[in-house]
Each structure stands twice: as structure tokens, then as C-alpha cells.
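Chain and residue survey
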Amino acid sequence: MQVSHTLPSMSVSFDDPNLIGAAGLVPVMALAREAGLAELVDQWVKMPTDKGSNAGLKLSALVGGMVAGADSIDDMDILRHGAMKKLFTGCYAPSTLGSYLRSFTFGHVRQLQTASTRFLENLGHKVPLLGTVKSEDFVFIDIDDTIIEVHGYKKQGAGFGYSGVRGLNALLGIVSCAGHAPVIVAQRLRKGSASSARGAASFVAESLRTGRKLTSTGRFLLRADSAYYNQSAVAAALAQGADMSVTIRMNSSIKKAIASIADDAWETIQYPQAIFDEDTGRWISRAEVAEVEYTAFASKKKSARIPGRLIVRRIPELNPKKPEGQGTLFDAYRFHGVFSTVAKDVLDTVEMDKTHRQHAIIESVNAELKDSALAHMPSGKFSANAAWLHAATIAYNLTRAAGILAAERFTRAKMRTLREKLVLVPARIASSARKIKLHLPENWPSDQAWTRLFTSVQAPPQAA
């Protein structure tokens, strides 16, 4: 491919008032309107002064900008190009949106959290976010935190956490079903030095309550890593009627339980795809699993103890430095334990190990958010960044819903793909007989998917 004309024979000018570069915002923000985003924010977020006026429109503008790829306040300029004001109300300047965010307090963030939860519930009524869930199907709730790196010394709450990176700690809860992409059901911004398990019990309960608003059927299973292996978090999951599957650390009690497993109880499993072992930095494709009955938190009072299963995966400890032809006197293994309350007749040992390892799906969500709105924490104020996190999760769920309506490969596509194929579509606006027509590029690769999305939320598009 090469330019068909020499550059001296071409000229450019940014002067067409009828062009837009993100026509996909039309059906996406129409979906947000149908789910009542602006109305819910107006109803629940009560901010004084002129900075808090039109809260619903301003929050919708932030969400729209994030859907189009904005990852900072300055990037909200994308709302003010070409004919955007002919299609949307509330195309605010970045400075106005920045002032709006800085007006948030802790109480306003909690109000926004309420509006966000109700918006997700409304969105779930309009779009099958989890598909059709049967009573025997598992509904997975995964929780994990991630560090969002920040720079400068004026960021409130910034600190060095478990990763050794200076930043803010974002705690996320997602819900997913087999064959369906996850959506975010809970979010919380914490200072960078916060312990992963801080507030875990209340967050577990919040995630499960919101997840049940999306589907009342199915078996709920909450999965987490070892940071959330504490009595209050596990008890909170059980109190909500869910099972728990959580990685555990190797303490003396766990080692004693593993030692009690008979040699003939280990079952070999072959991974269809190699998995990366962080301890050794190698890819592995073979391991063995076994299980034993185990009562968690046995040192606590009797009513606080929780019976379940200890699922153990062992991996051969290889010695890459041994001389060629020299064997080992005995086999050495590294052990990974998972505590689960799921009955064995529901998921056997191998399936339980496989199911728990799929908890890594939340890392994909973290990566997608950091590839879009959470690439930065835009403000020096902690509450402003907390509000930004809520807007980012709303944008994520809204884009995910748009992908489901577009159907086919977009149902589980990455956010970058949805943004590039469905949202950032250029268009020219024409008016005729008091109707607006969008003229989109001929032979656009995802034209059928875009049309399905448009038709799902508005009247069928008219031929240009």
C-alpha cells in the first residue's frame, strides 16, 4: 500500500463541521440512556455549588469519553470535535469535567457507587450480560486488587504496596459464567499501601449482592487468591449463600494435611495448554492433584471454624543444574493448596483445581482497564480518582453490553477491539426532512455488527 498522489498535490484542512470520528458512541450512549445512567446519577449524587450541577450529564460525558478511549481529563476533548454537539447533549470541556471530579467527597463517591450498582442492574435487564443461567450452572465471582501506578508527590493516598510500585490500590469484583465475558459488579479505590485483604468481608458481600441482581439462578462460587484467605471473608461468602474457593498459604497446618495424603491418591493431570509457574519462571504442562478433608481456621472458636476440602496440586521440583545422566535420590515437589467449600459430588478434584485456576480471568479485566481509562489516575485528589474509577467501570460494562448486542465474535472481544471496530467509526452527518443520517465508510469491516448494535437500541438505520 502506498500513497496514490504526491504530497505536493494534496492539501488538508480541519474545517468540516459535519464529521465525527466516533459514530459508535451513538448506539452505546443510547444504551446508557435506556438504562437510565444520567437519571440515576441525578437522583443519587447530590453535590452542592455549580460544579455539581447537571451531575448526570457530566458523568455521562466522562463515561462517553472513556468508551471512546480517553484515559485522562485532557483526552475528554474527543467529545468536542466536529458534529458531536449535533448528536449529543452535554459535550463538556475537559476543564469543566475536571472541576466536577474535584468536587467529589467520600460521601459523593458512595452515592455514585449506589447509582453505578443500579445502572448495572438496569443494564442487565436490557442486555443478557451473563446469557441464560440454569440452576445447575456456576456463576463465578472473582475478587482481586491491582496497583495503578502514579507519579508525583501530590497524589493523595499514593504509596508503595505489595508490588513495590508507587500507586493507588483498586479492588475489583467481577461476575462471569462459562462462555461469557465478565462484567464488573463492585469496585473500591484504596490507598496504595493498603493490605489486599482490607475490607474484604464487606467487599465480598457487596460483590455477591450485586451479582445476584444480574441473575437469581445458578450456583455462586467466589474465587480469590491467598490474600483473601481469612475467616471473615470466607464467612461472608457463605452467609450470602455462595461457595468459596481460595488459595491458601503453606503454614504448618496445611503442610500437616498434605503429608497425610496417601501416595496412591495423587492423580496426574495434563494441561491442554502450558501454564506459567511464577515460582520457577517456567511453563509447565504436567502436575498431580489430590485432596483431603480440611477444617479452616481451626484455631478459632468452634462456631467460626469452616469445614471444606483442601485441593492440593503438586509440581515436580526440577534441578536444571544437575549433571547429565545423574538422577535424584528422591522426588521433590512444590505444593499449591486451594481451600474450597464446593461438595465433591459437584466438582471432583481435577475439575475443582481447573475451575479455581480460571480465577486468572480477573487479571484480564485489570489489563483491559489499564489499557483504557485506568492507564492514569488523573487527579491529585483521592476522591476525584475514586469517582474516576467508578466511571471507568461503568464504561467497561457499557462497552461489554454493546459487544453482546453486536453479537458473534464481539460478544467476548477485548475492549480495545470493541473500541476500534464498533466505537471509533468515522461518519458524516447529513440532515433531511428533520431527520439526521449518518453516512459511515463503505465496506467497513464490522459494518454488520455495527448495524446489529444500532438496531438493538434504536430504530433500524435508514439507507443513505
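This text gives an overview of the structure that appears in the document. (Residues numbered from 1 in each chain as written. Predicted model: local features only at pLDDT ≥ 70, side-chain atom pairs only at ≥ 80, totals over all residues. Heavy atoms only, no water.)

**A closer look at the overall build of the chain**
Which entries qualify depends on this criterion: A run of H or I in DSSP becomes a helix once it reaches four residues, and a run of E becomes a strand once it reaches two; helices and strands are each numbered from the N terminus. We take the radius of gyration over the C-alpha atoms and set the globule estimate at 2.2 Å times the residue count to the 0.38 power. When a residue's accessible area, from a 1.4 Å probe over protein chains only, is under 20% of the maximum for its type it is buried; when over 50% it is exposed; and in between it is partly exposed. By definition in these notes, contact holds between two residues if any of their heavy atoms fall within 4.5 Å. Accessible surface is estimated by sampling points in the Shrake-Rupley manner with a 1.4 Å probe; for residues, cover comes only from the protein chains shown.
Within the chain one finds 14 helices and 13 strands. The C-alpha radius of gyration computed for the chain amounts to 25 Å, which stays within 12% of the reference 23 Å derived for 464 residues, consistent with globular compactness. The buried share of the chain, reckoned over its 464 residues, is 48%. A separation of at least 24 residues holds for 66% of the contacts in the chain among residues at least 6 apart in sequence. Within the structure as shown, the chain displays about 22800 Å² of accessible surface, and the carbon and sulfur contribution to it stands at 51%.

**Some remarks on unusual backbone geometry**
One non-glycine residue, F297, lies in the positive phi region at around 60°. Backbone geometry places N443, a non-glycine residue, at a positive phi of 60°.

**Re helix α5 (residues 94-102)**
As a reminder, the rule being used: Directions are taken from the helix axis to each C-beta atom, and the arc is the one they span.
Taken as a whole, α5 has its buried residues at P94, L97, G98, Y100 and L101. Summarising the axial view, the buried residues of α5 lie within an arc of 160°, below the 170-degree limit, and thus occupy one face. Lining the buried residues of α5 we find α2 (37-44), α3 (55-67) and α12 (382-406).

**Here we look at the packing of helix α7 (residues 200-214) against helix α8 (residues 231-239)**
Helix-helix packing is described using two parameters, namely the angle between the two axes and the distance between the axes. Put simply, the test is: Fitting a line to C-alpha atoms yields each axis, with helices limited to the stretch in contact; the angle taken between N-to-C directions then spans 0 to 180 degrees. The labels follow the angle: roughly parallel below 35 degrees, roughly antiparallel above 145, roughly perpendicular from 65 to 115, and oblique for the rest. With the far helix as reference, a near helix turned anticlockwise by less than a right angle produces a left-handed crossing, and one turned clockwise produces a right-handed crossing. Polar here means any residue other than Ala, Val, Leu, Ile, Met, Phe, Trp, Tyr, Cys and Pro, which are nonpolar, and Asp, Glu, Lys and Arg, which are charged; Gly is therefore polar.
Two elements in contact, α7 and α8, have axes separated by 8 Å at closest approach and are oriented at 20°. If you check the angle between α7 and α8, you find them roughly parallel. When you trace α7 past α8, the crossing you get is right-handed. Contacts between α7 and α8 involve A200, A201, V204 and L208 from the first element and S232, A233, A236 and A237 from the second. A breakdown of the residues in the contact of α7 with α8 according to their chemical character gives seven nonpolar, one polar and no charged.

**Concerning helix α10 (residues 349-357)**
Filter applied, for reference: Within 3.5 Å is the distance limit for a polar contact, defined as a pair of N or O atoms, with the added protein rule that one can donate a hydrogen and the other accept it, and that residues adjacent in sequence qualify only through two side-chain atoms.
Within α10, the full set of buried residues consists of T349, M352, D353, T355 and H356. The buried residues of α10 occupy one face: seen down the axis, they fall within an arc of 165°. Where α10 starts, the residue carrying a side-chain oxygen 3.3 Å from the main-chain nitrogen of V350 turns out to be D348.

**Describing the pattern of salt bridges**
As a reminder of what qualifies: Throughout this description, the term salt bridge denotes a Lys or Arg side-chain nitrogen within 4 Å of a carboxyl oxygen of Asp or Glu.
By the definition in use, this model includes 13 salt bridges. For E368, the salt bridge goes to R400, with nearest N and O atoms at 3.6 Å. Placement of the pair is E368 in helix α11 (residues 361-370) and R400 in helix α12, with a sequence separation of 32 residues. Owing to a relative accessible area of 2%, R400 belongs among the buried residues under this scheme. Its salt-bridge partner being R452, residue E408 comes within 3.4 Å of it at the nearest N-O pair. Taken together, the residues span a long stretch of sequence, with E408 in the loop between α12 and α13 (415-423) and R452 in helix α14 (residues 447-457) at a distance of 44 residues. On the basis of relative accessibility, which here comes to 62%, the residue E408 falls in the exposed class. Since its relative accessible area comes to 26%, R452 is described here as partly exposed.

**Description of the nonpolar core**
The cut-off we apply is this: To form a nonpolar core, buried Ala, Val, Leu, Ile, Met, Phe, Trp, Tyr and Cys residues must be joined to one another through side-chain atoms within 4.5 Å.
Core analysis: the largest hydrophobic core is formed by 131 residues, its most contacted members being L59, W388 and L398. In this structure, L398 is in contact with V28, M29, L31, A32, V63, V67, F119 and L123, ignoring residues within four places of it in sequence. Within the second largest apolar cluster, eight residues are counted, among which are F140, I311, V338 and M352.

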